[in-house]
Structures are given as C-alpha cells and as structure tokens.
Amino acid sequence: MSQIQQLYEGKAKILYITDEPEILLAHYKDDATAFNAQKRGKITGKGEINCAIASHLFQLLEREGIPTHYIDCPAPNQMRVKRVKIIPLEVVVRNIAAGSLCQQTGLPVGKILPNPLVEFYLKDDALGDPLLTRDRLLLLDLATPEQVNLLQEEALKINQILIAFFGRCGITLVDFKLEFGLDSSQEMLLADEISPDTCRLWNQAETDPDKRVMDKDRFRRDLGNVEDAYQQVLAKVLSC
Ligand code: C5P
C-alpha cells in the first residue's frame, strides 16, 4: 500500500488517499494548536506519541465492541484507517468540570459531575465550534434522531471503557472529544484520534492542580514540560 495524494490537512494530522479506495493513511503531526488555532506551536515527538496512544486505545475499544476506523500503524507516526465521511460534530464527554464547561457555567474546576455529560459541538472553525442543542443539531440535518441516540450511547460506552482503563494507569479521565464517521455501508465508526490532544488527563499521583495536568492544557496554559507529560501518558498507557 502506498500513499498517493494528500486528501486533507488538519491541525494535527494529514490524510492521504492510498491505492486502496476504502483506506486512508493518517500522518500524525508534531504541530499543536489551541483556541481555534489562535495559538500555534510544536510539541517535539507528539506525532509519534499520539499515534501510539491512539493506536492502543482504538485497539482496546475494538476489543470491547466499539467499531472504529483503526486498521494498523505502518510507521510510528502513521495510521491506516478505514475511509469514512466524518459527521461534522465534536462529541464531548465530561466526568469532571473543566475548560469551557467552567467558563460557560461557573462550575468550579474539578467538580465531579453526578453523571457523565455528553455535549455536541458543531465542527466548524469559522463559527468557532459552537455548542449545539439537540434541536439545532437536527435542524441543521447533521444526523438523524437515531444517529444522535447512537452517538450518545457510543460516547457513554467509550467513556466507561476509558475511565476504567485510565484508572488502571493511575490517570483520571476528566473529559474528552470524539469524532465519528460513516463508512461506505453507512456503519458509524469512531474516527479521528484519542490522545492527550483530545482528552483532559490528570495524574492521580499529583494533587497540585497544575502539576497533575498530563494533556494539551499544558500547552494551552503554558504550564511547560508538555512533551514530558505526553511521554508519561504513553508510558502509563503501554504499561497497563
Ligand atoms: O474546551 P473544552 O472544555 O470544551 O474541551 C473539552 C474536551 O474536548 C477537552 O478534553 C479538549 O481537549 C477536547 N477538545 C478537542 N478539540 C476541540 C475542542 C475540545 O479535542 N476542538
């Protein structure tokens, strides 16, 4: 299999068409962006680290019965994935209040939510990825009511699997973002990536609110040691 032509360049990955029509090749980049790409930088080694973490998590989820786009990794920063049409939604699951939830509601950072919260954001950089209501989502024809139910169900299942997994690694899963797509037979697959770029992960061995951060918040908030934190997540993920 060889990469033929670039299909799309995103903020963290480049997607290539291959000589197999149903398979794309994703190159994970070291580039880091935050705040809708207003902040840009590089995290050395991030492409390989995130590719390895995402690969591990996709395989874990597949074993637990979650259909994903993952096939394999032909190189450390490359992932072969099933071609899907991405549903233009960011599905965010939250277990603990942080980030935009705190900014928009006044909830204190670190408040444990009584139940996991599932939110849908429109994947549209020009509009700043606005939070959607279910009715707005249906109004915009982004998914059918059945698909919305399935997205919600899958997101909650994935959350349970990941909470348990990260818990075994000594990491608290605060929140994370998922993207889904439809394959050529209209099956809904988990797509994009799951990594410290797309999750908030807190080290259970640290109580200090800044020291415990092992995810992209280190980059967003200039906390330093970003690559170190990503490496630590990888080491923990691979060892449990
Ligand atoms: O910023 P906010 O609190 O809404 O982010 C919730 C979760 O979704 C965080 O883990 C963040 O890293 C992730 N996210 C993402 N990509 C976005 C927006 C949020 O990975 N465009």
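Residues numbered from 1 in each chain as written. Predicted model: local features only at pLDDT ≥ 70, side-chain atom pairs only at ≥ 80, totals over all residues. Heavy atoms only, no water.

Our focus in this paragraph is the pattern of salt bridges. Side chains that differ in charge, positive against negative, can pair when their charged atoms come close. Scanning the entire structure with this criterion turns up 20 salt bridges. The partner of Glu119 in a salt bridge is Arg94, and the shortest N-O contact between them spans 2.8 Å. A residue pair is termed long-range when its members are at least 10 positions apart, and Glu119 in strand S10 (residues 112–122) and Arg94 in strand S9 (residues 89–96) qualify at 25 residues. Note that Asp217 is salt-bridged to Arg200, the shortest N-O span being 2.7 Å. On the criterion of sequence distance, the pair formed by Asp217 in helix H5 (residues 217–220) and Arg200 in strand S14 (residues 199–203) is long-range, its members being 17 residues apart. The same class applies to Asp217 and to Arg200, which are both buried. (Salt bridge = Lys/Arg side-chain N within 4 Å of Asp/Glu carboxyl O. Helix = DSSP H or I, 4+ residues; strand = E, 2+ residues; numbered from the N terminus. Buried < 20%, exposed > 50% of the residue type's maximum accessible area, 1.4 Å probe, protein only.)

Quick look at unusual backbone geometry now. A positive phi angle, close to 45°, is found at Asp129, a residue other than glycine. On the secondary structure map, Asp129 appears in the loop between S10 and strand S11 (131–132). Phi is positive for Asp141, close to 60°, though the residue is something other than glycine. In this structure, Asp141 sits in the loop between helix H3 (134–139) and helix H4 (145–168).

Right, let's get into the site of the ligand. Around the ligand, 16 residues are found, and the nearest of them are Arg94, Ser100, Asp175, Arg200 and Arg220. Here an oxygen atom of the ligand sits 2.6 Å away from a polar atom, N or O, in the side chain of Ser100. Within the contact set of the ligand, an oxygen atom lies 3.4 Å away from a backbone nitrogen or oxygen of Thr198. The protein chains hide 80% of the 460 Å² of surface that the ligand would expose on its own. (Near = heavy atom within 4 Å. Polar contact = N/O pair within 3.5 Å; in protein donor to acceptor, adjacent residues only side chain to side chain. Areas by Shrake-Rupley, 256 points an atom, 1.4 Å probe, with all protein chains shown as cover.)

For Asp217, a relative accessible area of 8% gives the class buried. Not counting chain neighbours up to four residues away, the residues in contact with Asp217 comprise Arg200, Asp222 and Leu223. (Contact = heavy atoms within 4.5 Å.)

The UniProt record annotates "domain: SAICAR synthetase/ADE2 N-terminal" (unreviewed entry) at residues 6–236. Summarising residues 6–236: 30% helix, 34% strand, and an end-to-end C-alpha distance of 33 Å. (UniProt positions renumbered as here; feature names shortened; annotations may be inferred.)

Time to look at the nonpolar core. Formed by 56 residues in total, the largest nonpolar core has its most connected members in Met79, Ile158, Leu162, Phe166, Leu178 and Phe180. Those residues within four positions of Phe180 in sequence are excluded, and the remaining contacts are Lys85, Ile86, Ile87, Val91, Leu151, Glu154, Ile158, Met188, Leu189, Leu190 and Ala191. One finds Ile96, Ala98, Val174 and Val213 within the second-largest nonpolar core, a separate group that totals 5 residues. (Core = buried A, V, L, I, M, F, W, Y, C linked by side-chain atoms within 4.5 Å.)

What follows is about the environment of Gly99. Of note, Gly99 is situated in helix H2 (residues 99–105). Taking the C-alpha atoms as reference, Gly99 lies 9.2 Å from Asp175; in sequence the two are 76 residues apart.

Take the environment of Lys123 next. With respect to the helices and strands, Lys123 occurs in the loop between S10 and S11. For Lys123, a relative accessible area of 31% corresponds to the partly exposed category. When the C-alpha atoms of Lys123 and Val91 are compared, they prove to be 9.5 Å apart, with 32 residues separating the residues in sequence. Once residues within four sequence positions are removed from consideration, Lys123 is found in contact with Ile86, Pro88, Leu89, Glu90, Asp129 and Glu179. A polar atom in the side chain of Lys123 sits 3.4 Å from the side chain of Glu179.

Moving on, we come to the state of the cysteines. Counted according to the given criterion, the structure contains 1 disulfide. For Cys169, the disulfide goes to Cys240, at an S-S distance of 2.1 Å. Residues Cys169 and Cys240 are joined by a disulfide whose S-S torsion is about 55°; by sign, that bridge is right-handed. Linking Cys169 in the loop between H4 and strand S12 (171–182) with Cys240 in the segment after helix H6 (226–239), this pair joins segments that are 71 residues apart in sequence. On the accessibility criterion, Cys240 (32% relative accessible area) is partly exposed. Not engaged in a disulfide, the cysteine Cys51 finds its nearest cysteine sulfur in Cys73; these two sulfurs lie 3.8 Å apart. Free of any disulfide, Cys199 has its nearest cysteine sulfur in Cys169, 12 Å distant. (Disulfide = S-S within 2.5 Å.)

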